[in-house]
Amino acid sequence: MRQRRFLARLGATGFAATVILSGLAAPAQAAEPLFQVPFPCDQVWTGDNPSSNAHTTPWEIDFNLANGQDLGKPVHASAAGTVEIATYQKKNGYGNLVKIRHGSTGYYSYYAHLKDMAVSIGDVVTQGELVGWVGDTSETNPGIKPHLHYEVRSGGSIVPAKFNGVRFPYPSGSVTSRNCGATALKAAKSINGDRYDDALGIDGAGVAWVYHGKATGGFNAGVRLGSGWAGFARVALGDSNADGWADLFATQGSDLYYWHNRGNGSFSSATVVGGGWSAMEYFSVADVNGDNKADILARDGDQMYVYHGKGNGAFTVRDHVGAGWAGLLRHTGADADGDGDGDIWGTNSLGELVFWRRDGAGYATAVEVGSGWNAFDQMTTMDVNGDNKADIVAVKSSDNTLWQWLGTGAGTFGHGTNVGSGWADYRLATY
């Protein structure tokens, strides 16, 4: 997932004059890009043309998910190119519009009604790069249902869209995304850059140890990472730059520190990237919005907030998630089902494990998915075995053993497995 950079219709008709000049060959037409469905890899979306009376051609497509939970879902570039428009449109009804020029081919793609835009004018984007989020913005059609309005243009006209070389089944149909380049989900907590998330422990002497995840679950033997960690109260792993290499975050007093992973499992010197964090009862690092960049879910009293990652350890001003979170002793965020966005688990005073799935409109109603968690004093979520389903790792209080529960993809977990011992003097990076 790439860094979060926050997401029409001018019909053109006319006639062409044909001129035949002896001895001059007609220039070859530029090849059409191999467009892909503008959503993350393997997602299935339903497109429709006739449903909107605002369409001026048979070739525009309005995309929705079958479950109707569209608002806020990531939208990705269907082909590489340069952003020519990334602004709110008033007169044409597009609302937040991203327009991408695809090299010198003469082709353009349009992404309209976005809730927010992740790119700016002049940005060069790769196929599959995040450009925005599905929304319902429109100056001329207020109150429209959330959807992505998508177009392909060539020669000034809207033309039939093709995905992976196959023409869309107009007037409506479902398509599966093969936009699997930059959109592919990356490990969020992998220090060595593979697909398996890692665990980090701080021993009693303040030395950090990394335990690399394995395809079968569980962890390899600890590898010494470095000393000097005794003074940091909260330690977290998260990929700030969407490069697939987990960076480090930690708090000392009120300050939030950041260590950049150089892409080889080693880290740069610490940088202070924010203050005021001692006021937060609890926080968790997770990719909330599906751009492969670490965000922070922070609880301040009864309120939950999200700070979206901007890369290089920086975060936006916080957005409000909701109220009613004071009953949690702790919470952790990760992607339960491989849809690219961050879900939340938390435990309460009764030892119940509660799950909130993130959908287009925010977080769904809490569901209890487990009990007995008062027996574990440290807990975090990660994808240990690289299957794009969040797992839980926790330390059992009674004997200081390390346990793992592999995720089912529905916010629930399989049976716990003992994957380590000797954690009496260690702090697991749980934030």
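Residues numbered from 1 in each chain as written. Predicted model: local features only at pLDDT ≥ 70, side-chain atom pairs only at ≥ 80, totals over all residues. Heavy atoms only, no water.

A. Summary view of unusual backbone geometry. Tyr170 connects to Pro171 through a cis peptide bond whose omega is 5°. Relative to the assigned elements, Pro171 resides in the loop between β13 (166–167) and β14 (172–176). Positive phi values are uncommon outside glycine, yet Asp42 reaches one of about 75°. Mapping Asp42 onto the fold places it in the segment before β1 (44–48). (Helix = DSSP H or I, 4+ residues; strand = E, 2+ residues; numbered from the N terminus.)

B. Structural view of the sheet that holds strand β38 (residues 427–428). Pairing is antiparallel in the open sheet, where four strands are placed in the order β17-β16-β15-β38. The open sheet is flanked by β17 (223–226) and β38, the only strands paired with a single partner. Two strands pair when backbone bridges link them, and strand β15 (residues 199–202) and strand β16 (residues 208–211) are joined in this way by four bridges, in the antiparallel orientation. Within β16, the residue paired with Ala199 across the bridge is Tyr211. (Pairing = 2+ DSSP bridges.)

C. Quick peek at the sheet that holds strand β21 (residues 271–274). Read across the open sheet, the four strands follow the order β18-β19-β20-β21; overall the sheet is antiparallel. Either end of the sheet is taken by a strand with one partner, and the two such strands are β18 (234–238) and β21. Strand-to-strand twist of the sheet, defined as the mean angle between neighbouring strand axes without regard to direction, takes the value 30°. In the sheet, strand β19 (residues 247–252) pairs with strand β20 (residues 255–259) via five bridges, with the strands oriented antiparallel. When the sheet's bridge partners are listed, Ala250 is paired in β20 with Tyr257. (Axes fitted to C-alpha atoms, helices over the stretch in contact; angles between N-to-C directions.)

Treat this as a map of the structure, not an account of what it does.
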